[in-house]
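# Descriptive analysis of the structure
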Amino acid sequence: MIHDWIGQRLFQQVHHRNLVYNTCWEDPRLDREALDLTASDTVLVITSAGCNALDYALAGAKAVHAVDVNPLQNALLELKIACVKSLDYERFFQLFGMGSVNNFGSVYHARVRPLMPAFAQKIWDRRLHLLDGTTKRQSFYFCGSSGYFAYWINFYIDRIARVRDVIMEMLSASSIEVQQRLFQEHQLGKTIFGPMIRWLVRRDTTMSMLGVPRAQRAQIDRGYQGGISQFVVDRVEQVFTQLSLSDNYFWRVYLTGQYTPTCCPEYLAEHQFEKLRQVVDRVTTNNSTVTEFLTTQHESISRFVLLDHMDWLATNHHQALADEWQQILFAATPNARVLWRTAGLKCDFVDSISVHCGGKRREMGDLLRYRIELADSLHQRDRVNTYGRFYVADLSTINAK
């Protein structure tokens with residue numbers, strides 16, 4: 001019990017006082033297929049780093065409400081929105097593609113800052129050093145708590161394992177077969193995942209830096225042979241040997257601190273920049289929980305993207321999770337669709353949640369129509385490959401109130 005309390009407190013401290021995510025680690029290519037967005041759709045998404053909120057706007061959503069309890073995550077999205085409006089593409093990509101812009105402070109104060117809300121101005125006024133390349137870690141993608149861990153991994157690759165050349169060769173490999181050969185020839189499984197790394201990924205401190213609460217780690221420890229450390233080893237090996245790295249911008253930025261013009265999120269692609277400028281005002285940020293936002297939101301929502309935050313709520317705040325689903329029911333349009341991810345191999349806590357619907361108590365399992373084949377087929381193509389399961393479900397809201 002004391003370990004659970006310590007883990008929870010540590011996670012809360014990291015998430016409420018720090019920028020945790022400097023890039024999204026959910027594959028929007030899957031989300032686009034699962035959401036099937038149209039010009040009439042309104043989306044609610046947990047903000048994270050805001051990359052995917054911008055992607056949904058590019059995909060054609062009418063409105064995207066980015067919601068997060070951590071104001072630093074919303075401030076990052078506000079910074080991106082302001083930079084889309086005020087910078088040319090070259091400087092925009094230099095900042096969020098390459099991870100820094102020299103003397104960014106002067107550009108920020110003259111052009112970017114006036115376009116941001118006061119809370120975001122206050123946050124970035126004190127953190128411009130993360131974006132101007134003057135820190136020891138240089139790239140923004142090596143900053144923040146998850147970025148710091150990425151920086152340490154890159155130090156390990158360069159100075160301890162000494163496999164930088166082969167990593168770069170794998171990232172530019174022409175085929176999966178080439179990746180497999182390189183991985184096997186250089187025994188990367190043993191070289192990278194030595195005792196030190198395996199020890200690190202079992203630590204609550206490490207997992208909290210990566211945005212993984214103790215509850216998620218416990219799910220994997222219970223459901224995966226070898227626990228969290230073997231789960232990480234197996235998933236990374238699968239990325240390197242079974243998924244193409246040529247367009248895997250998630251792992252490229254994690255292993256290099258940079259994107260490239262041909263391997264980057266859609267919001268950073270040059271051919272999308274003018275369209276992004278046209279649709280960026282469809283994205284808004286909200287410093288609140290999902291429940292708080294939906295309680296005060298009067299617009300109906302047709303698409304909900306809940307990421308993996310329910311793993312934590314299910315263990316530590318079950319009533320808050322039930323309240324959230326109640327508000328989702330109240331706010332949802334007929335046949336709304338919900339996406340979520342989980343660390344475990346099976347999400348076994350949603351179906352039993354009790355809510356009011358149609359004047360009586362119902363369980364969520366009776367109100368959700370799971371798209372199992374769609375979700376499983378998409379999950380197999382997940383370029384991130386760090387989640388245990390992906391869920392897509394349509395929501396029956398007939399007479400929810």
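Residues numbered from 1 in each chain as written. Predicted model: local features only at pLDDT ≥ 70, side-chain atom pairs only at ≥ 80, totals over all residues. Heavy atoms only, no water.

Scanning the model with the defined rule gives 0 disulfides in all. Of all cysteine sulfurs in the structure, the one in Cys-51 sits closest to Cys-24, which takes part in no disulfide; the separation is 4.0 Å. Judged by its relative accessible area of 3%, Cys-24 is buried. Take Cys-264: it sits in no disulfide, and the sulfur closest to it among the cysteines is that of Cys-263, at 7.3 Å. (Disulfide = S-S within 2.5 Å. Buried < 20%, exposed > 50% of the residue type's maximum accessible area, 1.4 Å probe, protein only.)

Mapped onto the elements of the fold, Gln-138 is located in the loop between α7 (118-125) and α8 (144-160). Once the C-alpha coordinates of Gln-138 and Ser-100 are considered, the two residues, 38 residues apart in sequence, prove to be 7.2 Å apart. Excluding residues within four positions of it along the chain, Gln-138 makes contact with Gly-99, Ser-100 and Gly-133. (Helix = DSSP H or I, 4+ residues; strand = E, 2+ residues; numbered from the N terminus. Contact = heavy atoms within 4.5 Å.)

It is worth spelling out helix α16 (residues 249-256) at this point. Because the α-helix completes a turn every 3.6 residues, residues three or four places apart line up on one side. Within α16, 7 of the 8 residues are buried, leaving the element largely enclosed by the surrounding structure. Burial in α16 covers these residues: Tyr-249, Phe-250, Trp-251, Arg-252, Val-253, Tyr-254 and Leu-255. Those residues of α16 that are buried are in contact with α2 (28-35), α8, α9 (164-171) and α15 (227-242). Looking one or two residues beyond α16, the residue adopting positive phi is Gly-257, at roughly 80°.

Not every positive phi belongs to a glycine, and Asn-103 is a case in point at roughly 55°. In this structure, Asn-103 sits in the loop between α5 (89-96) and α6 (104-112). Backbone geometry at Asn-335 places phi at a positive 60°, although glycine is not the residue there. Its place among the elements puts Asn-335 in strand β5 (residues 332-342). Taking relative accessible area as the criterion, Asn-335 reaches 48% and is therefore assigned partly exposed.

Once that is clear, we can look at a nonpolar patch on the surface. Residues Phe-155, Ile-160 and Met-196 make up a contiguous nonpolar surface patch of about 260 Å² in total accessible area. Locating Met-196 in the fold gives a position in helix α12 (residues 195-201). A residue is classified by how much of its surface remains accessible, and Met-196, at 40% relative accessible area, is partly exposed. (Patch = residues over 30% accessible without salt bridge, like charges linked within 9 Å, V, L, I, M, F, W, Y side chains within 5 Å. Areas by Shrake-Rupley, 256 points an atom, 1.4 Å probe, with all protein chains shown as cover. Salt bridge = Lys/Arg side-chain N within 4 Å of Asp/Glu carboxyl O.)

A few words now on helix α20 (residues 318-331). Between its first and last C-alpha atoms α20 spans 20 Å; for 14 residues at 1.5 Å apiece the expected length is 20 Å, and the two agree. Restricting attention to buried positions, one finds in α20 the residues Leu-321, Ala-322, Glu-324, Trp-325, Gln-326, Gln-327, Ile-328, Leu-329 and Ala-331. (Expected span 1.5 Å × (residues − 1).)

What the rule picks out here adds up to 15 salt bridges. Of the charged contacts in the structure, one is a salt bridge between Arg-383 and Asp-27, with a shortest N-O distance of 2.7 Å. In this pair, Arg-383 is assigned in the loop between α22 (372-379) and β9 (389-395) and Asp-27 in the loop between α1 (2-17) and α2, connecting sequence segments 356 residues apart. Its relative accessible area of 8% is what places Arg-383 among the buried residues. Note that Arg-277 and Glu-274 form a salt bridge whose closest N and O atoms lie 3.8 Å from each other. Separated by 3 residues within a single helix, Arg-277 and Glu-274 lie in helix α17 (residues 273-279), roughly one turn from each other. Judged by its relative accessible area of 32%, Arg-277 is partly exposed. Glu-274 gets classed as partly exposed once you look at its relative accessible area, which sits at 48%. Three or more residues are tied together by salt bridges with common partners; here these are Asp-27, Arg-29, Asp-247 and Arg-383.

With their axes 7 Å apart at the nearest point, helix α10 (residues 176-185) and α15 run at an angle of 130° to one another. In terms of orientation, α10 and α15 fall into the oblique class. Across from Ile-176, Gln-179, Gln-180 and Phe-183 in α10, the residues of α15 making contact are Glu-237, Val-239, Phe-240, Thr-241 and Gln-242. Tallied by class, the residues present in the contact of α10 with α15 amount to 4 nonpolar, 4 polar and 1 charged. (Axes fitted to C-alpha atoms, helices over the stretch in contact; angles between N-to-C directions. Parallel < 35°, antiparallel > 145°, perpendicular 65-115°, else oblique. Nonpolar A, V, L, I, M, F, W, Y, C, P; charged D, E, K, R; others polar.)

For the rest of this paragraph, the subject is the sheet that holds strand β2 (residues 63-68). Across the sheet, which stays open at both edges, the 7 strands sit in the order β3-β2-β1-β4-β5-β9-β8 with mixed pairing between neighbours. Each end of this open sheet is capped by a strand with a single partner; those strands are β3 (283-287) and β8 (368-370). Between one strand and the next, the sheet's axes are offset by a mean angle of 20°, whatever the strand orientation. When strand β4 (residues 301-305) meets β5, the two strands line up parallel, connected through 4 bridges. Along β5, the bridge assignment pairs Arg-303 with Arg-337. (Pairing = 2+ DSSP bridges.)

With that out of the way, let us pick up the confidence of the model for the protein. Within the protein, residue pLDDT values average 91, and 92% of them lie at 70 or more. Taken together, the stretch residues 1-11 has pLDDT below 50 and engages in 17 contacts with residues farther than four places along the chain or on a different chain. (pLDDT = per-residue confidence, 0-100.)

If you look at the biggest cluster of nonpolar residues, it comprises 136 residues, and the most contacted ones within it are Trp-124, Trp-325 and Trp-340. Broken down by element, the residue count for this core peaks at 9 residues, all from helix α4 (residues 71-86). If we ignore the near neighbours within four places in the chain, the residues touching Trp-340 are Leu-306, Leu-307, Met-310, Trp-325, Cys-347, Val-350, Leu-368, Tyr-370, Arg-389, Phe-390, Tyr-391 and Ala-393. By size, the runner-up hydrophobic cluster in this structure holds 5 residues, among which are Ile-220, Tyr-224, Phe-231 and Ala-343. (Core = buried A, V, L, I, M, F, W, Y, C linked by side-chain atoms within 4.5 Å.)

We now examine the environment of Gly-226. With respect to the helices and strands, Gly-226 occurs in the loop between α14 (214-223) and α15. Residue classification places Gly-226 among the exposed positions, given a relative accessible area of 53%. As for Gly-226 and Glu-90, which are separated by 136 residues in sequence, their C-alpha atoms are 46 Å apart.

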